[in-house]
Amino acid sequence: MVDAHTVQKVGLSGRDADLAAIGRLLATASAGHGGALVLAGAPGEGRTALLDAVVRHARGWTVMSASGHPDERAVAYAGIAQLDPAFCVGTEGDLLTLGLAVKSRWGTEAARRPLLCVLDDAHLLDEPTWRTVLFVARRLGPERIAILASVAAGAETGGLPVRRLAPLHPDAARELLARRAPDLADEVAVALVEVSGGNPAALIDLADALSPEQRRGYAPPPETLPPASGLRQRYRAELHALPERTRELVLLAAAAPQADLEDVLAASTRDAGLPDFEPAERAGLVTISGDTVRFASPLLRACAYAEMPANRRRAAHIALAGVLAARGAHLPALLHRAAATTGPDVALARQLARSARAADPAGAAQAQARAADLHPDPADRGAVLVDAARSAWLAGRPHDAGLLIRRVPRAAATAQVRARALTAEMRLPEGRPGARDLLLDVAADLADSDTPAALDALALAGEAAAEPGEQGRYAGLARRVAARRRGDEPPALALAYHHVAGLAGLADGDEPAAFARFRRALDLADRVREPGALIRAATAGILVGDARRAGALAGRAAVLARESGAPVLVPRALELASLAGMAAGDYTTANVAALDGAAIARATGQRVLAGAHLGVLAVLAALVGDRETALRRIEESGAGAIRPTCGWALALLDLVEGRFPAATERLVAVMTAPPVYGSALVQVAVVPHLLEAAAQMERAPGARVTGHPGMALGLEAVATGFDRWAGRTGQPAWLALRDRCRALRAREPEAAEVHFEAALGHTGEAGFPRAHTELLYGRFLRRRRRHVEARTQLRRAADTFRLLDAEPWAAQSVRELRAAGERVDQPAPALTGLELTAQQERIAALVAGGATNREVAQELHLSPRTVDHHLRNVFARLGVRSRTEMARLLNTR
């Protein structure tokens with residue numbers, strides 16, 4: 001049987017679903033229900049490999065096979081002769097007679113053992129054979145016959161079921177490359193996957209043709225298939241069969257950067273017109289859509305360009321450059337001029353660099369990379385290559401950035417320093433050892449020659465947590481760079497100076513000075529539009545406890561990063577937005593930001609940052625007591641409990657379930673773990689939960705807190721530091737948490753009550769944080785036997801938790817209410833008429849759009865059980881009984 005085990009055994013990476021479909025065909029036929037399946041795909045996509053795998057593993061079957069060949073298409077019944085050499089075909093038989101005879105013969109064979117008919121390249125079989133096979137396939141009934149054919153994409157299949165082979169998923173393509181070339185650099189592997197378009201045959205040809213320098217990324221990767229590639233030879237034959245005018249148009253359309261249809265036609269030197277594209281369209285090589293010429297695949301476009309002689313390619317670029325310059329498309333025109341240039345050209349390189357400043361990061365990277373090729377001086381070439389690498393990284397192409405960095409000449413000393421800084425910045429979220437030291441080294445090297453770059457390095461190094469011994473070095477370097485400030489800098493640069501000075505203040509232990517500097521940075525934030533500067537300002541906002549301001553700045557940074565074509569910065573901005581939302585008690589905003597951030601981080605190749613977002617999502621799930629979803633998100637994050645947010649999430653689950661010693665131990669581990677990217681911000685946010693867990697553990701019968709590992713941290717020092725920091729923020733939400741922590745730490749009941757009342761008296765305290773305080777206060781009052789007052793607090797907490805779908809916390813509040821003497825065995829209040837929560841809105845919208853519970857769970861990183869729970873509450877709140885009713889109601893709102 002062909003199944004997932006076959007995939008492993010034959011090494012068909014990424015073809016699990018295709019083999020599973022074939023397996024279902026064979027299982028059904030073996031059970032006495034004959035059927036057929038046609039696999040359609042482009043050359044090299046693995047049609048033949050799949051059929052070969054099926055034949056090799058079809059034990060217990062009689063296998064008949066045939067392959068189509070162009071040379072035999074005119075030979076009637078050549079295919080039937082391949083399938084069944086013993087079957088005699090007369091030249092006068094009509095389709096009905098022959099088809100019934102073949103069906104009868106195959107049926108007789110299938111009565112003894114199942115019959116598998118395999119036809120490779122069936123579109124190239126002679127027409128009588130293919131028509132006969134289609135005749136039999138359409139009439140299969142209880143026979144144990146399976147017909148499996150492969151055809152080119154778009155070929156006629158006579159109405160049989162068709163499965164279109166998709167390009168390999170990038171992960172499967174990387175797996176194939178790893179088997180073929182184990183020493184391949186990551187950036188090179190990503191580049192080959194992109195060049196190949198996920199075509200398995202192309203991946204193999206590309207990998208086999210790499211030089212040792214290309215394998216390690218020290219020489220540019222190939223832009224197309226090697227000349228000896230069988231796939232390229234196939235494309236070559238198709239291209240050379242085109243008329244001359246058509247070939248010229250195809251070349252003009254293939255030349256990068258790609259021009260639109262009007263410019264391609266205008267650049268033709270043979271007066272070619274739109275009708276001259278028709279032969280290429282009929283051959284399936286290109287399609288014309290509006291003003292765009294689309295090739296059947298990126299590989300075909302690259303081969304169409306490479307197959308032309310060098311002088312024809314140069315002429316095409318010159319012609320396109322003239323057309324584009326005439327209509328004012330300056331950067332594309334310069335790029336075509338650069339492609340036509342055969343040697344160094346400093347003037348053109350400088351023109352490209354100037355044009356790059358006005359382009360989006362993707363266009364800038366292309367222009368800067370071309371400019372680097374035109375610079376004869378290593379220092380100039382290195383500087384432009386680093387600029388190109390940064391632009392590529394901002395455009396969401398870290399693999400291109402890595403390859404460009406590797407090309408920086410060793411003789412370009414300053415460029416090498418900047419390249420190290422960019423490498424550290426790109427890898428900082430990964431928490432690699434030495435990243436902070438590397439950034440500090442860069443800042444020291446550039447402090448006197450490139451102050452903005454030194455500030456960038458210091459900002460990144462300061463935001464990454466550090467060992468205490470490193471703080472002195474950081475503060476000293478920051479002061480050295482800050483001394484170069486003149487006072488007339490543009491807002492973004494002035495903001496960077498204040499931000500770094502604030503980080504230096506924290507390193508020095510001078511919190512008042514740090515707060516003053518961070519607030520100066522926040523004052524400048526409204527005058528800048530650079531996403532990077534706004535991300536720094538948002539970080540400053542979080543560090544001074546101004547969560548709402550930080551969230552607004554982070555959101556603005558994300559919008560501007562999208563608009564400016566710098567998607568790599570969007571997840572970083574959204575991470576700050578989600579943390580700010582949590583700090584402000586706005587879990588809805590935090591959840592949306594983290595979900596979007598995880599998706600964009602994955603799309604831009606930032607897997608570690610995607611994991612950071614999933615860690616935040618795990619905390620959000622744990623805050624409302626959703627164990628299954630929290631654990632699922634922790635697993636998906638790829639780092640487990642070693643990520644600070646994941647440890648925090650696990651501790652919150654312990655807290656809601658009453659495992660206070662375990663919660664304390666986990667939170668202590670978060671506070672004392674070696675510093676990693678983002679841990680400094682988390683270590684402030686977890687303090688209220690740590691103090692709560694320790695206080696609850698202290699009250700447990702027979703508990704001895706003094707011997708607990710948490711005491712090694714010095715809880716009094718932690719509490720005092722948090723109290724001082726929260727007070728300095730002046731923000732109601734943090735002041736409320738400070739007063740709650742004071743209540744939990746108070747030794748005298750009277751003092752605890754005063755602090756609880758103060759916590760609930762802050763105007764900014766609302767939602768989940770307020771309900772949590774009400775629960776703790778109600779529990780305190782109940783233990784003091786003040787049951788009437790306790791019930792007031794606990795009712796409010798229970799109602800809020802229910803509205804927020806925080807069922808475990810609501811259940812805890814109900815248990816406390818019962819202990820305070822209230823009867824709560826009546827059913828929960830009716831939910832009909834209540835507004836949906838943001839989470840419920842997203843789930844309802846996806847379900848109304850036809851998504852299954854499992855698909856919703858995958859989209860929102862929830863457990864299926866959690867989706868089911870939310871969906872029941874959605875039905876109750878909307879007053880509907882089914883998905884159909886819900887969809888109808890939502891469509892009318």
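Up top is the structure these notes are about.
A. Examining the sheet that holds strand β2 (residues 62-67) more closely. The parallel open sheet is built from five strands, whose spatial order is β2-β3-β4-β1-β5. The open sheet terminates on both sides in strands that have one partner only, identified here as β2 and β5 (162-164). Between one strand axis and the next, the sheet turns by 15° as a mean value, whatever way the strands run. Where strand β1 (residues 35-41) and β5 come together, three bridges link them in parallel fashion. In the sheet register, Leu-39 faces β5, and the bridge partner there is Arg-163. Against the sheet, helix α6 (residues 127-137) contacts β1, β3 (115-120) and β4 (145-152), and its axis sits at roughly 135° relative to β4.

B. Representation of the packing of helix α42 (residues 787-803) against helix α43 (residues 807-819) within the structure. In contact at an axis separation of 8 Å, α42 and α43 are set at 160° when each is read in the N-to-C sense. Put simply, α42 runs roughly antiparallel to α43. The handedness of the crossing between α42 and α43 is left-handed. Residues His-787, Arg-791, Leu-794, Arg-795, Ala-797, Ala-798, Phe-801 and Arg-802 of α42 form the contact with α43, whose participating residues are Trp-809, Ala-810, Ser-813, Val-814, Glu-816, Leu-817 and Ala-819.

C. Main features of the packing of aromatic side chains. The tally for this structure, following the rule as stated, stands at ten aromatic pairs. Put simply, the rings of Tyr-587, Phe-768, Phe-801 and Trp-809 touch in pairs and so form one group of aromatic residues. Above the ring of Tyr-305, the side-chain terminus of Arg-313 is found at 5.4 Å from the ring centroid. Directly above the aromatic system of Tyr-218 lies the positively charged group of Arg-406, at a separation of 5.5 Å from the ring centroid.

D. Spatial organisation of the environment of Gln-839. If you trace the backbone, Gln-839 turns up in helix α44 (residues 838-848). Judged by relative accessible area, Gln-839 falls into the buried class, the value being 17%. Through-space distance from the C-alpha of Gln-839 to that of Val-592 is 8.6 Å; in sequence the pair is 247 residues apart. Those residues in contact with Gln-839, other than ones at most four positions away along the chain, are Asn-591, Arg-633, Leu-860, Leu-862 and His-870.

E. The pattern of salt bridges, seen in detail. Counting across every chain of the model gives 55 salt bridges. Residue Arg-627 is joined to Glu-657 by a salt bridge in which the shortest nitrogen-to-oxygen separation is 2.8 Å. In this pair, Arg-627 is assigned in helix α33 (residues 627-637) and Glu-657 in the loop between α34 (644-656) and α35 (660-672), connecting sequence segments 30 residues apart. If you follow the salt bridges from partner to partner, you end up with Arg-627, Asp-654, Glu-657, Arg-659 and Arg-666 in one network.

F. Main features of the environment of Leu-51. Along the chain, Leu-51 turns up in helix α3 (residues 47-57). For the pair Leu-51 and Leu-19, spaced 32 residues apart in the sequence, the C-alpha separation amounts to 9.6 Å. Leaving out residues up to four positions away in the same chain, Leu-51 has contacts with Leu-39, Val-118, Leu-119, Asp-120, Leu-148 and Ser-150.

G. Structural view of the nonpolar core. Formed by 190 residues in total, the largest nonpolar core has its most connected members in Leu-352, Tyr-474, Met-582, Phe-801 and Met-886. Apart from residues no more than four positions distant in its own chain, Phe-801 is found in contact with Phe-768, Ala-771, His-772, Leu-775, Ala-806, Trp-809, Ala-810 and Ser-813.

Rules of the game
- Residues numbered from 1 in each chain as written.
- Predicted model: local features only at pLDDT ≥ 70, side-chain atom pairs only at ≥ 80, totals over all residues.
- Heavy atoms only, no water.
- Pairing = 2+ DSSP bridges.
- Helix = DSSP H or I, 4+ residues; strand = E, 2+ residues; numbered from the N terminus.
- Axes fitted to C-alpha atoms, helices over the stretch in contact; angles between N-to-C directions.
- Contact = heavy atoms within 4.5 Å.
- Parallel < 35°, antiparallel > 145°, perpendicular 65-115°, else oblique.
- Left-handed = near helix turned anticlockwise from the far one by under 90°.
- Phe/Tyr/Trp six-rings, centres within 6.5 Å; stacked < 30°, edge-to-face > 60°.
- Lys NZ or Arg CZ within 6 Å of the ring centre and 35° of its normal.
- Buried < 20%, exposed > 50% of the residue type's maximum accessible area, 1.4 Å probe, protein only.
- Salt bridge = Lys/Arg side-chain N within 4 Å of Asp/Glu carboxyl O.
- Core = buried A, V, L, I, M, F, W, Y, C linked by side-chain atoms within 4.5 Å.

No statement about biological role is implied by the geometric values presented.
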